Amino acid sequence: MATDYDAPRRTEADELAGDSLEELKARRAEGATGEVDVDETDTAESYELPGADLSGEELTVRVIPEQDNEFTCGECFLVHHRSRFALERDGLPICVDCAG
């Protein structure tokens, strides 16, 4: 099928401008349903992916103790390098992010 790209195109706004108020009300009534919209996240949680049973899995993480050149911030409790040390508040070291 050939398409004439030079012909004027009719947009959705043009179509709606030509419709009468009664036709628009009838279209709205046709599209309306009595159902309540369901949240997509609720629907997504109900799906179970094949082979996704992780109940028997164990998470193993290697914990490295705090090094001599690191400190634990007394505000955010993250381990930072000594270069991130800003000040000491109530006897606890504070990082640059929490001091600022």
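Heads up: the structure comes first, above all this text.
What counts and what doesn't
- Residues numbered from 1 in each chain as written.
- Predicted model: local features only at pLDDT ≥ 70, side-chain atom pairs only at ≥ 80, totals over all residues.
- Heavy atoms only, no water.
- Patch = residues over 30% accessible without salt bridge, like charges linked within 9 Å, V, L, I, M, F, W, Y side chains within 5 Å.
- Areas by Shrake-Rupley, 256 points an atom, 1.4 Å probe, with all protein chains shown as cover.
- Salt bridge = Lys/Arg side-chain N within 4 Å of Asp/Glu carboxyl O.
- Lys, Arg positive; Asp, Glu negative; His and termini not counted.
- Charge placed at Lys NZ, Arg CZ, Asp CG, Glu CD.
- Helix = DSSP H or I, 4+ residues; strand = E, 2+ residues; numbered from the N terminus.
- Buried < 20%, exposed > 50% of the residue type's maximum accessible area, 1.4 Å probe, protein only.
- Pairing = 2+ DSSP bridges.

A. Representation of a negative patch on the surface in the model. Taken together, Glu48, Asp53, Glu57 and Glu58 make up a surface patch of like negative charges. If you trace the backbone, Glu48 turns up in the loop between helix 3 (40-46) and strand 1 (70-72). Residue Glu48 is classed as exposed on the basis of its relative accessible area, which comes to 75%.

B. Representation of the pairing of strand 3 (residues 85-89) within the structure. Alignment of strand 3 against strand 4 (residues 92-95), held across four bridges, turns out to be antiparallel. For Phe85, the partnering residue across the bridge sits in strand 4 and is Cys95. Count of turn residues in the strand 3/strand 4 antiparallel hairpin: two residues, of which Asp90 carries a positive phi of about 55°.

C. Region of the structure containing unusual backbone geometry. Located in the positive-phi region is Phe77, a residue other than glycine, with phi close to 60°. By the element assignment, Phe77 lies in the loop between strand 1 and strand 2 (79-81). In this structure Phe77 comes out as exposed when scored by relative accessible area, which is 61%. Backbone geometry at Asp90 places phi at a positive 55°, although glycine is not the residue there. Topologically, Asp90 is positioned in the loop between strand 3 and strand 4. Here Asp90 falls in the exposed class, since its relative accessible area comes to 77%.

D. A look at the pattern of salt bridges. Under the defined criterion, the tally for this structure stands at two salt bridges. For Glu75, the salt bridge identified is with Arg89, shortest N-O distance 3.0 Å. Highlighted residues: Glu75 in the loop between strand 1 and strand 2 and Arg89 in strand 3, separated in sequence by 14 residues. Residue Glu75 is classed as partly exposed on the basis of its relative accessible area, which comes to 41%. On the basis of relative accessibility, which here comes to 33%, the residue Arg89 falls in the partly exposed class. The partner of Arg84 in a salt bridge is Asp97, and the shortest N-O contact between them spans 2.7 Å. Pair noted here: Arg84 is in the loop between strand 2 and strand 3 and Asp97 is in helix 4 (residues 96-99), with a separation of 13 residues, a long-range link. The class of Asp97 is exposed, set by a relative accessible area of 54%.

Purely geometric numbers; function is a separate question.
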